[in-house]
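# A closer look at the structure
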Amino acid sequence: MATERELSDFLKSVEKRAFKRSVYHVRDDEAALDIVQESMMKLAEHYGDKPASEFPMLFQRILSNCTLDWFRRQKTRRALFSNMSDFESASDDGDFDLLETYEVLENSQQTESAEDATRRAQILREIESEIQALPGRQREAFLMRYWEDMDVAETAAAMGCSEGSVKTHCSRAVQALSKALKAKGLQL
């Protein structure tokens with residue numbers, strides 16, 4: 001049985017990666033934050049009494065299910081409602097200013113030149129856009145294996161598929177990413 005401290009430490013250790021993974025899936029920071037928070041609450045509420053060693057698998061499965069639930073809710077909402085705020089500008093006067101929406105990269109190295117920082121940011125954006133372009137199951141397997149650093153068995157259990165499927169999804173994702181990045185002149 002896990003203690004409250006173990007649960008808290010686990011949630012702190014996965015929050016940033018879970019958020020990034022959710023952003024890749026839903027492509028909306030606020031929705032991703034809601035999904036991660038909902039997943040953390042469900043883990044604490046329903047599985048807080050489980051051994052700490054089971055938390056990673058449980059959390060990945062809960063996160064996947066919460067993401068799928070979000071997509072289902074979005075599909076229903078889009079069928080029923082039109083969000084008029086999507087057609088409005090960010091400011092009250094009707095003007096849109098791109099600089100107001102630009103966010104400075106956090107944790108950037110201060111000794112890095114502006115050119116290097118810009119190049120690094122561009123490469124990261126290209127990689128992220130290519131990851132977002134992957135089919136859903138490939139993206140999910142890729143992120144769990146290489147972002148979450150889960151092994152094949154853990155990923156298969158979290159995704160609810162066989163280990164062979166995980167290997168296939170990861171292989172296809174790596175090939176697609178490699179081909180797309182190479183076509184853009186990026187070699188990592």
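Residues numbered from 1 in each chain as written. Predicted model: local features only at pLDDT ≥ 70, side-chain atom pairs only at ≥ 80, totals over all residues. Heavy atoms only, no water.

### Regarding the overall build of the chain
Counting its regular elements, the chain contains eight helices and zero strands. In sequence order, the secondary structure elements of the chain are arranged as α-α-α-α-α-α-α-α. For the chain, the proportion of contacts with a sequence separation of at least 24, taken over those separated by at least 6, is 65%. On the chain, roughly 12,700 Å² of surface is accessible, and the fraction owed to carbon and sulfur atoms is 51%. (Helix = DSSP H or I, 4+ residues; strand = E, 2+ residues; numbered from the N terminus. Contact = heavy atoms within 4.5 Å. Areas by Shrake-Rupley, 256 points an atom, 1.4 Å probe, with all protein chains shown as cover.)

### Thoughts on the packing of aromatic side chains
All told, the structure shown has five aromatic pairs when counted by the stated rule. Seen from their ring centres, Phe10 and Phe55 are 5.6 Å apart, and the 45 degrees between their planes marks the pair as tilted. Taken together, the residues Phe10 in helix H1 (residues 4-26) and Phe55 in helix H3 (residues 55-80) connect sequence positions 45 residues apart. Neither residue differs from the other here; Phe10 and Phe55 are each classed as buried. Consider the rings of Phe10 and Phe59, whose centres lie 5.9 Å apart with planes at 80 degrees: the pair is edge-to-face. In this pair, Phe10 is assigned in helix H1 and Phe59 in helix H3, connecting sequence segments 49 residues apart. (Phe/Tyr/Trp six-rings, centres within 6.5 Å; stacked < 30°, edge-to-face > 60°. Buried < 20%, exposed > 50% of the residue type's maximum accessible area, 1.4 Å probe, protein only.)

### Describing the confidence of the model for the chain
Within the chain, residue pLDDT values average 81, and 80% of them lie at 70 or more. Within the chain, helix H4 (residues 98-101) has the poorest average pLDDT of any element, 41, and helix H2 (residues 29-47) the best, 94. Every residue in residues 81-89 scores below 50 in pLDDT, and together they form three contacts with partners more than four places removed in sequence or on other chains. (pLDDT = per-residue confidence, 0-100.)

### Some words on helix H8 (residues 163-183)
Here H8 contains 21 residues, and its C-alpha end-to-end distance of 30 Å stays within 8% of the 30 Å for a straight helix at 1.5 Å per residue. Those residues of H8 lying buried are Val166, His169, Cys170, Ala173, Leu177, Ala180 and Leu181. Buried residues along H8 cover an arc of 105 degrees about the axis, so they all sit on one side. Counted as exposed and oriented over 90 degrees from the buried face of H8: Lys167, Gln175, Lys179, Lys182 and Ala183. Elements in contact with the buried residues of H8: helix H5 (114-133), helix H6 (136-147) and helix H7 (152-159). In the stretch just after H8, Gly185 is the one whose phi turns positive, near 85 degrees. (Expected span 1.5 Å × (residues − 1). Arc of directions from axis to C-beta.)

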